[in-house]
Amino acid sequence: MAEKVLSVKNLITAFRIDKKEYPVLRDISFDIYENETVCMVGESGCGKSVTTLSIMGLLPENAVVQQGEIELCGEIISGKSQKELNKVRGSKMGMIFQEPMTSLNPLLTIGHQLTEGLIRHKGMSKKEAYATAVQYLELVGIANAESRMKQYPFQLSGGLRQRVMIAMVMSMQPKLLIADEPTTALDVTIQKQVLILLNKLKKTMNTGVLFITHDLGVVAEIADRVIVLYSGTKVEEGSAKQIFENNMHPYTQGLLAAVPNVDKDDFEIKAIPGTFPAITETIVGCRFHPRCPYATDRCRSEIPQAIEYEKGHFVACHKVEEENKC
Ligand code: SF4
C-alpha cells in the first residue's frame, strides 16, 4: 500500500495588513501519497502558492500560520525553525518554480550548483557528486551533460534551465516534490516534454507530487487527484476522473466551462461572472455566493462544510448537499 508522504491538517494562513490579520487559507486539509500527483487548481489569488510556501516554510514576513499541522513522512514540520527546515528542504522535499532563475545562482556553474546539494545533504565526495550530477542531467534528457556542467545558467535556454532545475531537485530524491506552475513560462512542446519527464521521475522514485497550476489542460494530463481552491477554501476534491467527469461544485463547473473548446466551430469562453474577492473582503457564508448562480439565503449566511459524496470525492456546497439528501 502506498505510504502517506504529506499530510496537511486544518491549515489557516493569514496575511498581516495594517496590523490586522486576514486569512488567505481557510482550514485546508489534504494528503498526498507516494507515486501520486495531486494538482491544486483555482484562479490567481486563491491560495495555491501560499499553500506551497506554508508547507516549505518559506512564507513572506507578513504572513503567519494561525492554525494547522503539516506532517512530512510522519514528521511534524510545522513550527520548526528555519535551521531545522533547511535540513528537510532539499533532502525530503524539493520545489520547482515557474522561473528556474529564482533558484539557480547566475554566478555559479551548473555543475557547482548540482554537486553542492549532493555533497551537503547526501554526504557524497566531490567525485561521487560529479558523477551523480552528470547522471541526472542525462536522465532529464540533457545531451553533452559533462560540457553543460561547465556552463552558467544564462548560457542555457528556458527549457534547459527548467530541466537543470528538475535534475537538481530530483537528484536529492525527495519524498515530496512541489511544482509551482513549472511549465507556465515554457512553450507548448517543451511544456509537454517537462510534464512527461516529471511523470517518469515520479514513478521511478515513488515521489509524491503537489502540482500547482491554473491550466486545466495540464491537470487533465498529469493529475491523479485534484483539489479545487476558491478564495482560500477547498471547495472540491476528487480523483481526476471525478473532477472532469462528475464535478459537482458550481465553481469547479465554472472553471471547466471557462476552458475554450477550440474543436467546436462556435467555441466561446464562458467566464465566471463577477470578480474574485480581495482577501480583506468580508463575505458571510459561502465565499463563492456573490458569483454563484444558485446562491440562496442559506449560502449567504452559512459556510458550507465539505461532505464526501463518493469515495474520495469531497464537495463543500449547500446546493449539492440538498440535492444529495436521502
Ligand atoms: Fe453556490 Fe451556495 Fe453552493 Fe456556494 S454553497 S457554491 S453559493 S450553491
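Basis of the calculations
- Residues numbered from 1 in each chain as written.
- Predicted model: local features only at pLDDT ≥ 70, side-chain atom pairs only at ≥ 80, totals over all residues.
- Heavy atoms only, no water.
- Helix = DSSP H or I, 4+ residues; strand = E, 2+ residues; numbered from the N terminus.
- Buried < 20%, exposed > 50% of the residue type's maximum accessible area, 1.4 Å probe, protein only.
- Near = heavy atom within 4 Å.
- 1 Å grid on protein atoms, 1.4 Å probe; cavity = no way out; pocket = protein on both sides within 12 Å on 5 of 7 lines; lining within 4 Å.
- Sits in = over half its atoms within 2 Å of the grid points.
- Nonpolar A, V, L, I, M, F, W, Y, C, P; charged D, E, K, R; others polar.
- Pairing = 2+ DSSP bridges.
- Axes fitted to C-alpha atoms, helices over the stretch in contact; angles between N-to-C directions.
- Contact = heavy atoms within 4.5 Å.
- Core = buried A, V, L, I, M, F, W, Y, C linked by side-chain atoms within 4.5 Å.
- Phe/Tyr/Trp six-rings, centres within 6.5 Å; stacked < 30°, edge-to-face > 60°.

What to know about the environment of A143
Moving on, step 1. As for its placement among the helices and strands, A143 is situated in the loop between helix 4 (126–139) and helix 5 (145–149).
Moving on, step 2. Accessibility expressed as a relative area gives 52% for A143, which makes it exposed.

What about the site of the ligand?
Moving on, step 1. What surrounds the ligand is a group of 13 residues, the closest being C286, C292, C299, C317 and H318.
Moving on, step 2. More than half of the atoms belonging to the ligand lie within 2 Å of the grid points that define the largest cavity.
Moving on, step 3. Class assignment of the residues belonging to the shell around the ligand gives a composition of nine nonpolar, three polar and one charged.

Focus on the sheet that holds strand 7 (residues 176–180)
Moving on, step 1. Pairing within the open sheet is mixed, and its eight strands lie in the order 6-7-8-3-9-10-12-11. Since the sheet does not close on itself, it has two edges, and those belong to strand 6 (93–96) and strand 11 (307–310), each with one partner. Ignoring strand direction, the axes of neighbouring strands in this sheet form an average angle of 20°.
Moving on, step 2. Against the sheet, helix 6 (residues 158–170) engages strand 6 and strand 7, with an angle of about 175° to strand 6.

Some words on helix 10 (residues 250–257)
Moving on, step 1. Along helix 10, the residues classified as buried are P250, Y251, T252, G254 and L255.
Moving on, step 2. Looking at the buried residues of helix 10, the elements they touch are strand 3 (37–41), helix 8 (216–222), strand 9 (225–230), strand 10 (233–239) and helix 9 (240–245).

Examining the pairing of strand 4 (residues 63–72)
Moving on, step 1. Strand direction decides the pairing type here: strand 1 (residues 4–17) and strand 4, joined by eight bridges, are antiparallel. Considered in strand 4, the bridge of L6 is made with L72.
Moving on, step 2. Hairpin connection, strand 4 to strand 5 (residues 75–76): the antiparallel pair is bridged by two residues, and C73 has positive phi, about 50°.

Brief notes about the nonpolar core
When a protein is soluble and globular, its nonpolar side chains tend to lie buried together.
Moving on, step 1. Judged by nonpolar contacts, the single largest core of 56 residues is most densely connected at L114, L137, I166, M170, F211, V226 and Y251.
Moving on, step 2. The dominant element in this core, judged by the number of residues it contributes, is helix 6, at eight residues.
Moving on, step 3. If we skip the residues at most four places from it in the chain, L137 touches I110, L114, I142, A145, R148, M149, V164 and A167.
Moving on, step 4. F15, A63, L72 and M93 belong to the second-largest nonpolar core, a separate cluster that totals 30 residues.

Let's talk about the packing of aromatic side chains
Moving on, step 1. Enumeration according to the criterion identifies five aromatic pairs in this entry.
Moving on, step 2. For the ring pair Y230 and F288, a centre distance of 4.9 Å and an interplane angle of 75° mean the geometry is edge-to-face. Taken together, the residues Y230 in strand 9 and F288 in the loop between helix 10 and strand 11 connect sequence positions 58 residues apart. Judged on exposure class, the residue Y230 and its partner F288 are both buried.
Moving on, step 3. Within the aromatic cluster, the residues linked to one another by ring pairs are Y230, Y251, F276 and F288.

Remarks on the sheet that holds strand 4
Moving on, step 1. The strand order across the open sheet formed by four strands is 2-1-4-5, and the pairing between neighbours is antiparallel. On the outer flanks of this sheet lie strand 2 (20–33) and strand 5, each paired with one strand and no other.

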